[in-house]
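Structural description and commentary
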Amino acid sequence: MRYTVRPEDSGKTVKALIGELIHPSTRLLKALKYREDGILLSGRRVTVRAVVQAGDVLELALEEDLPAANAPEPVDLPIGILFEDADLVVPTKPGNMPTHPSHDHHRDTVANALAYRYRNAGAYIFRPINRLDRETSGLLLVARNRLAAGRLTEAMQSGEIRKTYLAVLRGELSPDAGEIALPLHRSAASIIVREVCPPDAPDAEPSLTRFRVLERRAGYTLVEASPVTGRTHQLRGHFASQGCPIVGDSLYGSPDARIGRQALHARTLSFPHPMRGERLSLTAPLPADFAALVRTLFPEQKGWFDET
């Protein structure tokens, strides 16, 4: 980023001017201070205490170098894009696609798909703000630069990013709406499974889920859920603790051939734009397998449940 100092900026410190220009996170400002070319004033490295004068050129290295070995491999994979600009992208993740590469998944992830999409823009850095389990479909929020990532992360931590999910549960959940406020921790029997625990357990994580029942029928429930906290497997663990595991969830319930994955879809996402400040609210269409399951179990549901 290059900024020519205006007369009205004269006499300000570099720190004050940076704060006015980009409102950086503490982490980003620290990174700029310690990088050799992080903060340059008229071509010279300076500290944030330096004073600017009209006509000075302030340069900020907002992009970090990325070793090629750490970059996700670009792979041409089908993935929908619901929103995109220079600062962020919101893809609609298919079910059974991992969010990021791991030991067993190197070329079939959202990160690979986005690396391919931006393959002509230099080394790609994958900056997911939220993450979804491999089997969960729906909206992801991904920053496209370090400044946007810092601001969106702060928005997530302060509760400004709101999400709702649709889930099909095995069992008839009651009441019609309510909260599940039960702490979670890692099960002693598995490094993956989370389970409800006493509030005074050493590793207890306070967890809150709000839900609204949309329909019950023949031993199944269609529910809209909002995880107020963002714990690992929170919705899966909370609903299972109520005797109503998510359909197809092989970890907390049992597989279901009618969908072949857990019936969980990240439906809506609302967040402040990291640069403009305006609130964006996005809604993901239902993937075909989820919509088909809803039509099978809740045949009286019409309208938006028929989306593909």
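Refer to the structure presented above.
Residues numbered from 1 in each chain as written. Predicted model: local features only at pLDDT ≥ 70, side-chain atom pairs only at ≥ 80, totals over all residues. Heavy atoms only, no water.

1. Quick notes on the sheet that holds strand β2 (residues 39–41)
Across the sheet, which stays open at both edges, the four strands sit in the order β1-β4-β2-β3 with antiparallel pairing between neighbours. Sheet topology places β1 (2–4) and β3 (44–45) at the edges, where each strand pairs with a single neighbour. Where β2 and β3 come together, two bridges link them in antiparallel fashion. Bridging from a neighbouring strand, L41 pairs with R44 of β3. Contacts from helix α1 (residues 14–22) reach β1, β2 and β4 (57–60) within the one sheet, and its direction differs from that of β4 by about 65°. (Pairing = 2+ DSSP bridges. Helix = DSSP H or I, 4+ residues; strand = E, 2+ residues; numbered from the N terminus. Contact = heavy atoms within 4.5 Å. Axes fitted to C-alpha atoms, helices over the stretch in contact; angles between N-to-C directions.)

2. Comments concerning helix α2 (residues 26–34)
Residues of α2 that are buried: L28, L29 and L32. In an axial view of α2, the angular spread of the buried residues amounts to 100°, which keeps them on one side of the axis. Across from the buried face of α2, at angles greater than 90 degrees, the exposed residues are T26, R27, K30 and Y34. Looking at the buried positions of α2, the neighbouring elements they touch are α1, β2 and α4 (146–157). (Buried < 20%, exposed > 50% of the residue type's maximum accessible area, 1.4 Å probe, protein only. Arc of directions from axis to C-beta.)

3. A short note on helix α5 (residues 234–241)
Within α5, six of the eight residues are buried, leaving the element largely enclosed by the surrounding structure. All of the buried residues in α5 are Q234, L235, R236, G237, H238 and F239. Those residues of α5 hidden inside the fold are in contact with β10 (162–170), β11 (177–181), β12 (184–186), β14 (208–217), β15 (220–227) and β16 (264–272). Once α5 finishes, G243 follows within two positions and takes phi at roughly 80°, a positive value.

4. Things to note about the nonpolar core
Among the nonpolar cores identified, the biggest contains 43 residues, and L114, V168, L169, L173, F239 and A263 are the most heavily contacted of them. For this core, the secondary structure elements donating two or more residues are α3 (110–117), β10, β14, β15, α5, β16 and α6 (288–297). With 19 residues, the next largest nonpolar core counts L29, L32, L60 and L147 among its residues. (Core = buried A, V, L, I, M, F, W, Y, C linked by side-chain atoms within 4.5 Å.)

Remember that the coordinates give geometry; whether it matters functionally is a separate question.
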